[in-house]
Amino acid sequence: QVQLVESGGGLVQAGGSLRLSCAASGSIFRLNVMAWYRRAPGKQRELVARIISGGSTNYADSVKGRFTISRDNAKNTVYLQMNSLKPEDTAVYYCAADYQSLRYWGQGTQVTVSS
């Protein structure tokens, strides 16, 4: 199985920055797709950013130009650099990874942006 361990969430003022990390471990060799999702209370989970093994990335329109997803394939770790944070970015952020046709999720980490 794959275990995903997240870190980096917290409380930050609007305009500030945070970097989230998600490290995958277990009986794995190489993960294909890794992604970050977020969910605000009472709202649907939404895709924030994704990155494939070759390095191609996709972003939600709401975070383009502010967030950057990256990965270290040797460490099976994905990062989300979040700059110019806005109160509407407040949510629980989840790491996700695809491995052998299965979807694995992290436990989620709270990001709160105050105005």
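A quick note: this is a predicted structure, and the numbers were derived from the prediction, not measured.

The rules we used
Residues numbered from 1 in each chain as written. Predicted model: local features only at pLDDT ≥ 70, side-chain atom pairs only at ≥ 80, totals over all residues. Heavy atoms only, no water. Salt bridge = Lys/Arg side-chain N within 4 Å of Asp/Glu carboxyl O. Helix = DSSP H or I, 4+ residues; strand = E, 2+ residues; numbered from the N terminus. Disulfide = S-S within 2.5 Å. Pairing = 2+ DSSP bridges. Axes fitted to C-alpha atoms, helices over the stretch in contact; angles between N-to-C directions.

**Student:** Describe the pattern of salt bridges, with residues and values.
**Tutor:** The final tally for this structure, using the stated rule, is five salt bridges. In this structure, D89 and R66 form a salt bridge, with 2.8 Å as the shortest nitrogen-oxygen distance. Taken together, the residues span a long stretch of sequence, with D89 in the loop between β8 (77-82) and β9 (91-99) and R66 in the loop between β6 (57-59) and β7 (67-72) at a distance of 23 residues. D98 is the salt-bridge partner of R103, the closest N and O atoms lying 2.5 Å from each other. Each member of the salt-bridge network shares a partner with another, and the members are R38, E46, R66 and D89.

**Student:** I'd like to hear about the state of the cysteines, residue by residue, with values.
**Tutor:** Under the counting rule described, the total for this entry stands at one disulfide. Across a sulfur-sulfur distance of 2.1 Å, C22 and C95 are joined as a disulfide pair. Residues C22 and C95 are joined through a disulfide that is left-handed, its torsion about the S-S bond being -80°. Here C22, found in strand β3 (residues 18-26), pairs with C95, found in strand β9; they are 73 residues apart in sequence, far enough to count as distant.

**Student:** Which residues make up the sheet that holds strand β1 (residues 2-7), and what values do they have?
**Tutor:** Pairing within the open sheet is antiparallel, and its four strands lie in the order β1-β3-β8-β7. Because the sheet does not close on itself, it has two edges, and the strands there are β1 and β7. Taken over all neighbouring pairs, the strand axes of this sheet differ in orientation by 15° on average, direction set aside. Strand direction decides the pairing type here: β1 and β3, joined by six bridges, are antiparallel. Across the sheet, the residue bridging to V5 is A23, located in β3.

None of this, on its own, says anything about what the molecule does.
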